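Architecture at a glance
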Amino acid sequence: MLLGGVGVGAASARESESASEADDAVVGRESQGTGASGPVVGGGEGYEHTVAPEQADVTVSSRSELDSALSSAASGDVVYVAGDATIDMGSAEEWSIPAGVTLASNRGIDGAAGGLLQTTSVPWPLFLLRENVRVTGLRVSGQYDGYVDHTDDGPVSIGLQATGSGVEIDNCDVSGFSHAAIRPYDDTHIHHSDVHHNPMDGLGYGVSVTRGEPLIEYNYFNYNRHSVAGAGGCGYTARYNHFGPETVDHVLDMHRPGGTTIEIHHNTVEAVSHVQNDGEPEAVGIRGTPDDVADIHHNWFYNPDEPKSSPDGWDGRAITQVHTGSWQHVEYEGNHYGSDEPADDIGCPR
């Protein structure tokens, strides 16, 4: 890995042995939760770790039933939203899922879409996920399905917000929130989910990382402003994800001062134009200088423009770093640029 203040770009000195060691360091995190062992990117049909209806301690089909079930649930309980249920969550500010509880539905079981929890209000957030909560097999929907112009500084919304360690969000479909679909906590594991249509101007994140170093893998993202965004004092691992063809701005992001450790590898990023104009979006934009490193390797970027030898601001290249005149604590190698299909070990599973 990078040491000191030296910047490394296309001529990274990391040897294959070091790359293997780096991957080994994150592979150990797969043991968290019920696992991310399968290649069913985005979850749904074929996902192996579903929760069956018969595993439920209580099954709900209405808002009042869900309120009662969550109020009385204890750690280890499974609260199940019936697969044919559509529940209007009303105008309550937030719903809290108690520590250790699983909130589940049947997305992917015999082709099911999963129970739908929806809101037409502007919650901050809709759900608070306490320590060791799992949310799986559900559809969670906010009020927006297209681009939102945030010029009036009005209220904004979040779908799922983790507030404790050990949280797992898997096999879900989350959309329609103006600030972020998902806001993780330190070690949140977000995997095998479909996160789309969260495209607010200035915000609009699929996953908004503000602390810790969550693991984000095997998801499908599309039509977000940034599908994965990071605040300055955190990091994340984004791997084995498929980012679709529609994006409002650059796809994977880290804000100033540049984050801690960012691992971006074995992803596929299709977007080659902005939803709002014909500009070419960056697949990865690092703003500032990471404390440790932004390590970007073995990704398939449909954007054919390889990064420059020295970063040049928002230049439409597949990878860029801004607020610096040279590559600082950013490594990139083994990536493929262009829509022609690369070797099987580049990009997300296919």
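First, a word on what this report is: a plain description of the structure on this page. Only a predicted model underlies this, so the values are computations on that prediction, with no experimental measurement involved.

Remarks on the sheet that holds strand E23 (residues 261-265)
Read from one edge of the open sheet, 11 strands run E1-E2-E5-E8-E11-E14-E17-E20-E23-E26-E29, paired in parallel fashion. Either end of the sheet is taken by a strand with one partner, and the two such strands are strand E1 (58-60) and strand E29 (330-333). Pairwise comparison of adjacent strand axes, ignoring direction, gives a mean angle of 10 degrees for this sheet.

Thoughts on unusual backbone geometry
Most of the time, phi is negative for any residue but glycine, and the peptide bond is trans. Of the consecutive residues Trp124 and Pro125, the connecting peptide bond is found in the cis state with omega at -10 degrees. Along the polypeptide, Pro125 turns up in the loop between strand E6 (116-118) and strand E7 (127-129). With a phi close to 50 degrees, His192 is a non-glycine residue in the positive phi region. Here His192 is to be found in the loop between strand E14 (189-191) and strand E15 (194-198). Of note, His329 is a non-glycine position whose phi angle comes to about 60 degrees, a positive value.

Digging into the nonpolar core
The tendency in soluble globular proteins is for nonpolar side chains to be buried side by side. Within the largest apolar cluster, 63 residues are counted, with the highest numbers of intra-cluster contacts made by Phe127, Tyr236 and Leu252. For this core, the element with the highest residue contribution is helix H2 (residues 63-72), accounting for three residues. With eight residues, the next largest nonpolar core counts Tyr144, Val148, Ala180 and Ala229 among its residues.

Side note on H2
Residues spaced three or four apart along an α-helix point in a common direction, a consequence of the helix completing one turn every 3.6 residues. For H2, every residue scored as buried is listed here: Leu66, Ala69 and Leu70. Taken down its axis, H2 places every buried residue within 95 degrees of arc, on the same side. The outward face of H2, more than 90 degrees from its buried face, is lined by the exposed residues Ser64, Ser71 and Ser72. Turning to H2, the residues buried within the fold contact E1, strand E2 (78-81), strand E4 (95-97), strand E5 (102-104) and E6.

Topic: the pairing of E2
Burial along E2 is two-sided: Val78 and Tyr80 facing one way and Val79 and Val81 facing the other are all buried. Taken together, the three bridges between E1 and E2 define a ladder with parallel strand orientation. Residue pairing for E2: Thr59 is matched across the bridge by Tyr80. Following the chain from E1 across H2 to the adjacent parallel E2, one finds a crossover that is right-handed. In the sheet, E2 pairs with E5 via three bridges, with the strands oriented parallel. Residue pairing across strands places Val78 opposite Thr102, the latter belonging to E5.

Here is what the cut-offs are and how they apply
- Residues numbered from 1 in each chain as written.
- Predicted model: local features only at pLDDT ≥ 70, side-chain atom pairs only at ≥ 80, totals over all residues.
- Heavy atoms only, no water.
- Pairing = 2+ DSSP bridges.
- Helix = DSSP H or I, 4+ residues; strand = E, 2+ residues; numbered from the N terminus.
- Axes fitted to C-alpha atoms, helices over the stretch in contact; angles between N-to-C directions.
- Core = buried A, V, L, I, M, F, W, Y, C linked by side-chain atoms within 4.5 Å.
- Buried < 20%, exposed > 50% of the residue type's maximum accessible area, 1.4 Å probe, protein only.
- Arc of directions from axis to C-beta.
- Contact = heavy atoms within 4.5 Å.
- Right-handed = clockwise from strand over helix to strand, strands pointing away.

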